[in-house]
Amino acid sequence: MRVLVINSGSSSLKYQVRDTDTNEVAASGLIDRIGEGGSGPADHGEAMDQVAAVLEGELAARPLDAVGHRVVHGGERFSEPVLINNEITRAIERLNPLAPLHNPANVLGIRAITAKWPDMPQVAVFDTAFHRTLPEHAWRYAVPDALYRQYGIRRYGFHGTSHEFVTGRAAALLDVPLDEFNAVICHLGNGVSLTAIEGGASIDTSMGFTPLEGLVMGTRSGDIDPSILIFLQRQGMSADDIDKLLNRESGLKGLYGDNDMRAIVDAAAAGDARAKLALDIASYRLAKYIGGYHVAVGGAHALVFTAGIGENSADFRALVASRLGALGVKLDGGANLVRSSAPRVVSAPDSAIPVLVVPTDEEQAIAEATAAVVRGA
Ligand code: ADP
């Protein structure tokens with residue numbers, strides 16, 4: 001099938017045309033500055049017109065069979081990809097309060113396609129869906145019940161499409177049946193999240209009510225004492241100030257001044273103390289979470305690295321592994337340095353747990369999920 005994958009943000013629209021039989025990327029691109037005036041498109045409808053114009057020759061040669069949307073928040077309702085209709089679009093819209101930057105943009109993307117190609121099958125693939133298997137003791141916060149009942153305050157988890165894709169590849173690489181596979185999956189990109197996999201399913205994940213919880217990220221703080229927010233509010237900071245501080249100005253950027261892992265590793269190697277501290281804080285917190293999840297899954301069969309940093313930074317992988325001696329984790333120095341787009345083992349033969357690098361591909365996962373839903377419809 002030929003699937004157009006859409007990742008729609010508030011002012012941008014990323015797209016890829018994927019062939020799910022050959023896995024070929026027939027076209028890809030990004031339309032940005034939507035609604036920002038100047039030369040940018042006025043709205044998501046105009047942005048879709050631009051995409052359609054760019055793809056004209058491509059689509060004339062072979063028309064699309066379906067469109068797959070990355071939708072950030074599926075709340076408690078969506079545990080798998082679904083065929084979109086008006087009711088589904090409204091349900092996604094009702095989840096806007098839980099993802100105020102993302103879901104409204106996803107809905108605009110869906111409506112732009114509906115307006116342009118009314119008969120095109122569209123599928124929503126949710127970032128939260130894979131984590132719907134979390135047991136209640138993992139998704140509840142220790143706060144009064146009313147907060148959950150009234151506002152839906154609970155842990156949802158994100159990056160699910162990537163975690164699911166990588167879990168399947170890792171089990172296949174190790175030749176373990178998926179429903180017997182226990183693992184700790186480390187998605188280390190600009191956003192960072194860990195998932196504890198038991199029997200192929202997500203039983204815990206480090207992001208929570210929003211993607212802010214958990215590990216040290218490119219520009220997000222991850223876990224901090226919630227009293228810090230109250231303290232800052234009493235110092236006169238507004239909710240928006242604190243939002244920006246913790247989501248855009250913290251993490252590696254806050255610690256070092258730049259969130260590019262390559263720059264931080266280079267600076268640390270050249271003796272920069274702030275860069276070294278940033279790496280130590282990020283790798284220390286990650287190692288603690290890995291240890292916790294190893295216990296949560298009753299012993300992981302594999303530790304898996306993916307996304308920009310996980311796939312490409314041999315230095316960061318080595319630093320994390322150096323903190324996991326208690327688990328008997330040992331990397332193979334040579335294998336860890338190999339650069340490849342193939343899933344691979346980077347641990348030494350005598351490592352207690354194999355360590356894998358498995359490249360993620362969210363667009364491929366969305367295209368495949370879309371094709372499966374449309375075929376089954
Ligand atoms: P996003 O969450 O935006 O999709 P990515 O998965 O692309 O992010 O990851 C971005 C991160 O990957 C950045 O910190 C970047 O520095 C890092 N990265 C990309 N390539 C390399 C590389 N060759 N070596 C080290 N880090 C890399």
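Residues numbered from 1 in each chain as written. Predicted model: local features only at pLDDT ≥ 70, side-chain atom pairs only at ≥ 80, totals over all residues. Heavy atoms only, no water.

**Q** Please explain the side chain of H131 as it appears in this structure.
**A** Within the element layout of this structure, H131 appears in the loop between strand 6 (122-126) and helix 5 (136-139). Polar side-chain contacts of H131 include one of 2.8 Å to the side chain of S202. Excluding anything up to four places from it in sequence, H131 contacts Y156, G157, F158, H159, G160, H163, T195, S202 and T205. (Helix = DSSP H or I, 4+ residues; strand = E, 2+ residues; numbered from the N terminus. Polar contact = N/O pair within 3.5 Å; in protein donor to acceptor, adjacent residues only side chain to side chain. Contact = heavy atoms within 4.5 Å.)

**Q** Could you clarify how one ought to interpret the nonpolar core in this entry?
**A** The nonpolar side chains of a soluble globular protein tend to be buried, and buried together. Membership of the largest hydrophobic core comes to 44 residues, with the highest contact counts inside it found for L194, I290 and F316. Where this core is concerned, the elements lending two or more residues are strand 7 (183-188), strand 8 (192-198), helix 10 (251-256), helix 11 (261-269), helix 12 (273-296), strand 10 (302-306), helix 14 (314-322) and strand 12 (355-357). Of the residues forming this core, the biggest block, 9 residues, is contributed by helix 12. Residues in contact with F316, not counting those within four places in the same chain, are L188, M261, L279, A282, S283, L286 and I309. With 19 residues, the next largest nonpolar core counts L13, A27, I31 and L55 among its residues. (Core = buried A, V, L, I, M, F, W, Y, C linked by side-chain atoms within 4.5 Å. Buried < 20%, exposed > 50% of the residue type's maximum accessible area, 1.4 Å probe, protein only.)

**Q** Is there a simple way to explain the UniProt feature "site: Transition state stabilizer" (unreviewed entry) in the chain in this structure?
**A** According to UniProt, the "site: Transition state stabilizer" (unreviewed entry) feature falls on H159 and R220. Residue class for H159 comes out buried when judged on its relative accessible area of 10%. Residues in contact with H159, not counting those within four places in the same chain, are D127, H131, H187, G191, V192, S193 and M207. Within the secondary structure layout, R220 lies in the loop between strand 9 (201-205) and helix 8 (227-234). R220 gets classed as partly exposed once you look at its relative accessible area, which sits at 23%. Sequence-distant contacts of R220, defined by excluding residues within four places in its chain, comprise G191, M207, P211, L212, L215, L246, N247, S250 and G251. (UniProt positions renumbered as here; feature names shortened; annotations may be inferred.)

**Q** Mind showing me how you'd approach the UniProt feature "binding site: substrate" (unreviewed entry) in the chain here?
**A** UniProt annotation of "binding site: substrate" (unreviewed entry) refers to R70 when read in the numbering used here. Residue placement: R70 occurs in strand 4 (residues 66-71). Accessibility expressed as a relative area gives 18% for R70, which makes it buried. Setting aside anything within four residues of it in sequence, one finds R70 in contact with I6, N7, N106, V125, D127, E362 and I366.

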